[in-house]
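# Descriptive structure summary
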Amino acid sequence: MTEKLSAAARDAVLTPLLESDWHLDASRDALVKTFHFESFVEAFGWMTRAAIWAEKWNHHPEWFNIYNRVDVVLTTHDVGGLSALDAKLARKLDTL
């Protein structure tokens, strides 16, 4: 079962993500980032690759796409905040 990140784990897990342009939305206990691409096709292709990983891990982002931009919000609704799955998916999204 997925658990909310403990206070001790948060610093270790979130610090590298915050250094790679992820931001915390404290009102939702969520990670937020905007990804920019050269075109709509590149943005959509990235979303397709991301969707495969999200489905594989059964952890799905909230996202919004306008042309060459994808806004992503990661939080684990089942636990009411951030979990290790959010950090895992954020790291994967950064590598796609």
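Position numbers for residues start from 1 in each chain and track the written sequence from start to end. Reporting in this predicted model follows two pLDDT cut-offs: at least 70 for local features of residues, and 80 or more for side-chain atom pairs to be given and counted; totals over whole chains, interfaces and linings ignore these cut-offs and use all residues. Hydrogens and water molecules were not included; the side-chain quantities draw on all heavy atoms of the structure.

Scanning the protein chain from terminus to terminus reveals three helices and four strands. In this description a helix means any DSSP run of H or I spanning at least four residues, a strand means any run of E spanning at least two, and both kinds are numbered starting from the N terminus. Along the chain direction, N to C, the helices and strands of the protein chain fall in the order α-β-β-α-β-β-α. Only the C-alpha atoms count toward the radius of gyration. The rule for a globule is 2.2 Å times the residue count to the power 0.38. By the compact-globule yardstick of 12 Å for 96 residues, the protein chain fits well, its C-alpha radius of gyration being 13 Å. The C-alpha extent of the protein chain, read off along each of the three principal axes, is 40 × 25 × 20 Å.

Let us look at the pattern of salt bridges. Take a side-chain nitrogen of Lys or Arg and a carboxyl oxygen of Asp or Glu: if they are within 4 Å of each other, that pair is a salt bridge. Following the criterion strictly, the structure yields five salt bridges and no others. Among the ionic pairs, Asp 29 bridges to Lys 4, the shortest N-O distance being 3.9 Å. In this pair, Asp 29 is assigned in the loop between strand S1 (23–25) and strand S2 (30–36) and Lys 4 in the segment before helix H1 (7–18), connecting sequence segments 25 residues apart. We call a residue buried when its accessible area falls under 20% of the maximum for its residue type, exposed when it is over 50%, and partly exposed in between, using a 1.4 Å probe and counting protein chains only. Overall, Asp 29 belongs to the buried group, its relative accessible area being 12%. Residue class for Lys 4 comes out partly exposed when judged on its relative accessible area of 43%.

So, about the environment of Ala 50. Within the element layout of this structure, Ala 50 appears in helix H2 (residues 40–56). The spacing of Ala 50 and Ile 66 is 16 residues in sequence and 16 Å in space, taken between C-alpha atoms. A contact between two residues is defined here by any heavy atoms of the two lying within 4.5 Å. Setting aside residues no more than four positions away along its own chain, Ala 50 makes contact with Trp 63, Leu 93 and Leu 96.

Two strands form a pair only when DSSP identifies at least two bridges running between them. Where strand S3 (residues 62–66) meets strand S4 (residues 69–74), five bridges bridge the pair, whose relative direction is antiparallel. Bridged to Trp 63 within S4 is Val 72. As consecutive antiparallel partners, S3 and S4 are separated by two residues, and within that stretch Tyr 67 has a phi angle of approximately 45°, a positive value.

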